Amino acid sequence: MKHLFFSILMFVSFLAFPDSKTSLGKTSLSGKISDKTTGEALIGVYIYIPDLKTGTASNLDGTYKIDNLPQTKVLVKVSALGYKTILETIDLALTTKRDFVLEESTIDIQEVVITGMSKSTEIKRDPVPIVAIDRKEMDQNLSTNVIDAIAKLPGVSEVTTGPNVSKPFIRGLGYNRVLTLFDGVRQEGQQWGDEHGIEVDDNAVDRIEVVKGPASLTYGSDALAGVVNLLPPLPVPEGTVKGDVVTNYQSNNGLYEGSGSLAGNTNGLIWGGRTTYKEATNYQDKYDGRVYGTGFHEGDANAYVGLNKQWGYSHLNFTAFDALQEIPDGSRDSATRQFTKQITEADLFRPIVSPSELNSYQIPVLHQHVQHYRIYSTSNFIVGKSKLAVTLGYQQSIRQEYSHPQAPDIAGLDLFLQSYTYDLKYYLPEYNGWETTLGLNGMYQTNKNEGTEFIIPDYSLFDFGPFALVKRSIGKLDLSGGVRYDQRSFNNSEMYTKTNPVTGFDMQTADTTGAKRVFSGYAHTFSGVSGSFGGSYNFSDNFLIKTNIARGYRAPNIAELSANGVHPGTDIYQIGNANFQPEFSLQEDLGAYFSSKHISGDIDFFNNDIQNYIYNQKVLNHHGTDSIIVPGNETFQYQAAHAELYGCEFSLDIHPHPWDWLHFENSLSIIYALNKGVNGTPVSDSAKYLPLIPPLHTNSELRANIPKKWKYFSSIYVKVGMQCWAAQDRAYLAYNTETKTPGYTLFDAGLGADVNGRKGKKLFSIHIAGTNITDVAYQSNMSRLKYMDNYPDNGTGRSGIYNMGRNISFKLIVPLDLRKPKAA
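For clarity, every value in this text was computed on a predicted model and none was experimentally measured. (Residues numbered from 1 in each chain as written. Predicted model: local features only at pLDDT ≥ 70, side-chain atom pairs only at ≥ 80, totals over all residues. Heavy atoms only, no water.)

**Things to note about the overall build of the chain**
Within the chain one finds five helices and 46 strands. Taking 28 Å as the expected radius of gyration for a compact globule of 824 residues, we find that the chain reaches 27 Å, a close match to that expectation. Along the first, second and third principal axes, the C-alpha set of the chain runs to 80 × 60 × 50 Å. Here the analysis covers contacts within the chain between residues at least 6 apart in sequence; of these, 67% occur between residues at least 24 apart. Here the chain has roughly 33,800 Å² of accessible surface; of this, 58% comes from carbon and sulfur atoms. (Helix = DSSP H or I, 4+ residues; strand = E, 2+ residues; numbered from the N terminus. Rg over C-alpha atoms; globule rule 2.2 N^0.38 Å. Contact = heavy atoms within 4.5 Å. Areas by Shrake-Rupley, 256 points an atom, 1.4 Å probe, with all protein chains shown as cover.)

And the structure:
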């Protein structure tokens, strides 16, 4: 079935490819870019058309030209550092010449987003709350992985298991409620699991867009809480070959990293690629010293080739992720509090981990091997006055957790996940100002166990979701909305195991005689309707309000439905519930945004009501202590209830006059999350809050962007920051599932600059950044390591593992400019 399914999708893509008779005529766009105050030509201004994924940079005389364009309406973005971005819709059937005059500005909210939209849209004109960061912000801030890079954004947080494992949370919701995309393609890699992160190279990401709120309308199940879209770099300008070499060292865990890229564009034939390798030993903090089981090795590669022509574009892409990740369990010696390690299957004695092992880069016997491979195509065809976007993808996710110390080559958990994804969108011609999009997306997925430990069964999944979106601008008012229907089918057969006479471990078997039944057969189809309606009103160029109401939908994941076994790497025996129903949410958003020459700010309020909210709860026995099914593992079982989450995010950015180069940026996030029980039945005080909810926290940063060059240095910046996290007393205390977490304050700092040669050409950029520079010992309530301790009552007043201490990063970026464009 899967081969037929994918072949049909490829055939649809082939039929959609327009020939010269159906596509629009060929045209170009050219002009000149100049400074509004001086009238001088501006060099290196980027002119980009997001929906066509093509653009160029202005030449020495300020001129530009983009060839191979269709005669259709497009949104054009003109941007340069230190200037206000221009966004303008141009009808290329009528306009081929367009000059742009840029105005100097220290504040710019004219961002373009593509996530959750029918097409590229100004961020301020879309009613759904969206935030974004670009490559510049990622380079100037220290992060340990691609999700850690967005953890300071208002409303965004992360559940972590050490520095290299992060899961995104949006407004208190995560796992299969937040859909992660790479270049618009859904990331499939056992998202329900705690102990591995997002399988994406952070160097391959140029921009990250975050939708805060239900995005089920566009993406279906798993986008109930929002979307994180990791976007790769844009194609380089026509006629150029560019790239970079990146090196990075981080002091806390001795991370060293190297990455290199190269990309070209010749007459619309684009190509590019990047490779990355990084290693780190165990991280350290003030109380624990080096934390055993947190080192990692990671290798990444990606490549693409494609065509950008007057009929649109079509790109073929490949990514590979290969990581060896150690597995922490918090095991300690009762007398010395030093970390210990498992060395036998019986696990009757654990020796103390030696200092040489704690400082080693060598991956120990107990570890996990995570591999992720993806090939996908993205195409956008111009057909008459319409467009057809086709995105097809195939992914392999291979997760192997080696949990047998005396059999190092045999994986305990060994999951092989295959996902075939499809996304079709048809953009109808604009009619009386109405923009309409019809779409269909979903996936076919299979999962197979090949190890000795089984937490979920082998299964197959198929889902599809047709949807319709409409948008209309009426003067200062922008309206958008839509409706969608989803259907997802799960199917898994019974699974039996027997002891392998050679290895002594369990193995799957088709012979049921004398075998143990681990999983029962299960087949179920979930369905639901989702939708959204909202608007934004621009009172002026400086002030606007936005409001939106959306219904989200999520089908339960395979672990929530069928889990029944030890989850290696978590010290948890997990139990699912086959009777779960889909989650449905209703979220209301209201926001106001203000921007002037010296100050900008925004505030967003939200209320989210969720029916059949699924969460994980510890199971106790009749004595009120931990229920133990398998020794060494606490037992957890998924539960469902009515939930309500509400709160707000506030941001304020000040540029005091006359020091416009000085930025004082501030944000605040607050979430309240209540467990409303089942069918109105009151819950106890210890169970009235939801688990894994970040407390009130603020983020402030004072940054100086030095406008003048100093000798061989330019683009100089210096910054200091402070993050304040309040105590989290609103924890899910029932059944000892969570404990309260004290508050803490962290400080960070950074500086950097471009280093230029005698003729002003940039030779390289350097960025130095530090996090937790005062080396505070703290525990985040979102850290899984907080609960890893085999002797929590130890006389020290401390329990669990603490977060990373002081960390200093040194990053060097060398640009490669192997071919420059010809003058327009």
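From this point, the narrative continues.
**Considerations on the confidence of the model for the chain**
Mean pLDDT for the chain: 89, with 93% of residues reaching 70 or above. Here residues 8–23 is modelled with pLDDT under 50, and outside its nearest four sequence neighbours on either side it reaches 22 contacts, counting other chains as well. (pLDDT = per-residue confidence, 0-100.)

**Considerations on the pairing of strand S23 (residues 296–309)**
Of the pairings in the sheet, the one linking strand S20 (residues 269–280) to S23 comprises twelve bridges and is antiparallel in character. Each bridged residue has a counterpart across the sheet, and for Thr275 the counterpart in S23 is Ala301. Where S23 lies against strand S24 (residues 312–326), 14 bridges are found, and the strand directions are antiparallel. Looking at S24, one finds that Phe296 is bridged to Gln325. With antiparallel pairing between neighbouring strands as the criterion, S23 and S24 make up a hairpin whose turn holds two residues. (Pairing = 2+ DSSP bridges.)

**Points about the sheet that holds strand S11 (residues 156–160)**
Pairing in this open sheet of three strands is antiparallel, and the strands run S11-S12-S13 from one edge to the other. Of all strands in the sheet, those bounded by a partner on one side alone are S11 and strand S13 (173–174). Alignment of strand S12 (residues 166–170) against S13, held across two bridges, turns out to be antiparallel. Of the residues in S13, the one forming a bridge with Phe169 is Gly174.

**Some details on the packing of aromatic side chains**
We describe a pair of aromatic rings using the distance from one ring centre to the other and the angle between the two ring planes. Taken as a whole and assessed by the stated rule, the structure comprises 20 aromatic pairs. Centroid distance Tyr64 to Phe100: 6.3 Å. Interplanar angle 35°. Geometry classified as tilted. One end of the pair, Tyr64, is in strand S4 (residues 63–70); the other, Phe100, is in strand S7 (residues 100–102), and 36 residues separate them in sequence. Since its relative accessible area comes to 2%, Phe100 is described here as buried. Aromatic pair Tyr459 and Phe490: ring centres 6.1 Å apart, planes at 55°, arrangement tilted. Of the two residues, Tyr459 sits in strand S29 (residues 459–474) while Phe490 sits in strand S30 (residues 477–492), which places them 31 residues apart along the sequence. Under the relative-accessibility criterion, Tyr459 is labelled buried at 7%. A residue is classified by how much of its surface remains accessible, and Phe490, at 4% relative accessible area, is buried. The ring of Phe100 has Arg98 lying over it, and the distance from NZ or CZ to the ring centre is 4.9 Å. Lying across the ring of Tyr427, Lys387 places its NZ or CZ 4.8 Å from the centre. (Phe/Tyr/Trp six-rings, centres within 6.5 Å; stacked < 30°, edge-to-face > 60°. Buried < 20%, exposed > 50% of the residue type's maximum accessible area, 1.4 Å probe, protein only. Lys NZ or Arg CZ within 6 Å of the ring centre and 35° of its normal.)

**Thoughts on the pairing of strand S14 (residues 178–182)**
Across the five residues of S14, five count as buried, placing the element largely inside the fold. With burial as the criterion, each face of S14 is covered, one bearing Val178, Thr180 and Phe182 and the other bearing Leu179 and Leu181. Here five bridges tie S14 to strand S17 (residues 226–231), and the two strands are oriented parallel to one another. Residue pairing across strands places Leu181 opposite Asn229, the latter belonging to S17. Between S14 and strand S15 (residues 185–186), which pair antiparallel in sequence order, lie two residues; one of them, Asp183, sits at a positive phi of approximately 55°.

**Observations regarding the side chain of Asn265**
Within the fold, Asn265 resides in strand S19 (residues 255–266). Classification of Asn265 as buried rests on a relative accessible area of 3%. A polar atom in the side chain of Asn265 sits 3.0 Å from the backbone oxygen of Val236. Ignoring any residue separated from it by four or fewer positions in sequence, one finds Asn265 in contact with Val236, Pro237, Glu238, Gly239, Thr240, Ile270, Trp271 and Arg819. (Polar contact = N/O pair within 3.5 Å; in protein donor to acceptor, adjacent residues only side chain to side chain.)

**Topic: unusual backbone geometry**
Here the amide bond leading from His657 into Pro658 is cis, since omega sits at 5°, within 30 degrees of zero. Here Pro658 is to be found in the loop between strand S40 (634–654) and strand S41 (662–677). Its identity as a non-glycine residue notwithstanding, Asp222 has a phi of 85°, on the positive side. Look at Asp222 and you get buried, because its relative accessible area is 2%.

**Describing the sheet that holds strand S6 (residues 86–91)**
The strand order across the open sheet formed by four strands is S3-S2-S5-S6, and the pairing between neighbours is antiparallel. Of all strands in the sheet, those with a lone pairing partner are strand S3 (54–57) and S6, marking the two edges. The average undirected angle you get between the axes of adjacent strands in this sheet is 20°. (Axes fitted to C-alpha atoms, helices over the stretch in contact; angles between N-to-C directions.)

**Thoughts on the nonpolar core**
Ile150, Val205, Ile208, Val210, Val228 and Leu230 are the most contacted members of the largest nonpolar core, which totals 37 residues. Taken together, the elements giving at least two residues each to this core come down to strand S10 (130–134), S14, strand S16 (207–212), S17, strand S39 (599–618), S40 and S41. Beyond its immediate chain neighbours, meaning those up to four positions away, Leu230 contacts Val146, Thr180, Leu181, Phe182, Asp183, Ile198, Val200, Val205, Arg207 and Ile208. Formed by 22 residues, the second largest nonpolar core is a distinct cluster that contains Leu417, Phe526, Ile558 and Tyr638. (Core = buried A, V, L, I, M, F, W, Y, C linked by side-chain atoms within 4.5 Å.)

**Considering the environment of Val131**
In this fold, Val131 is placed in strand S10. Using a relative accessible area of 17% as the deciding quantity, one classes Val131 as buried. Spatially, the C-alpha atoms of Val131 and Thr276 are 27 Å apart, while their sequence positions differ by 145 residues.

**So, the side chain of Arg290**
You can see Arg290 is positioned in strand S22 (residues 289–290). No salt bridge forms around the buried Arg290; measuring N to O, its nearest opposite-charge neighbour Asp285 is 9.8 Å away. A distance of 3.0 Å separates the side chain of Arg290 from the backbone oxygen of Asn252, its partner in a polar contact. In terms of polar contacts, Arg290 uses its side chain to reach the side chain of Asn359, at 2.8 Å. (Lys, Arg positive; Asp, Glu negative; His and termini not counted. Salt bridge = Lys/Arg side-chain N within 4 Å of Asp/Glu carboxyl O.)

**Details of the pattern of salt bridges**
Under the counting rule described, the total for this entry stands at 38 salt bridges. Residues Lys278 and Asp202 are paired through a salt bridge, measuring 3.2 Å at the closest nitrogen-oxygen approach. One end of the pair, Lys278, is in strand S20; the other, Asp202, is in the loop between S15 and S16, with 76 residues separating them in the sequence. By relative accessible area, Lys278 is classed as buried at 3%. Here Glu560 makes a salt bridge to Arg554, at a shortest N to O gap of 3.1 Å. With respect to burial, Glu560 and Arg554 carry one shared label: buried. Within the structure, one salt-bridge network assembled from shared partners comprises Arg186, Glu188, Asp222, Asp463 and Arg488.

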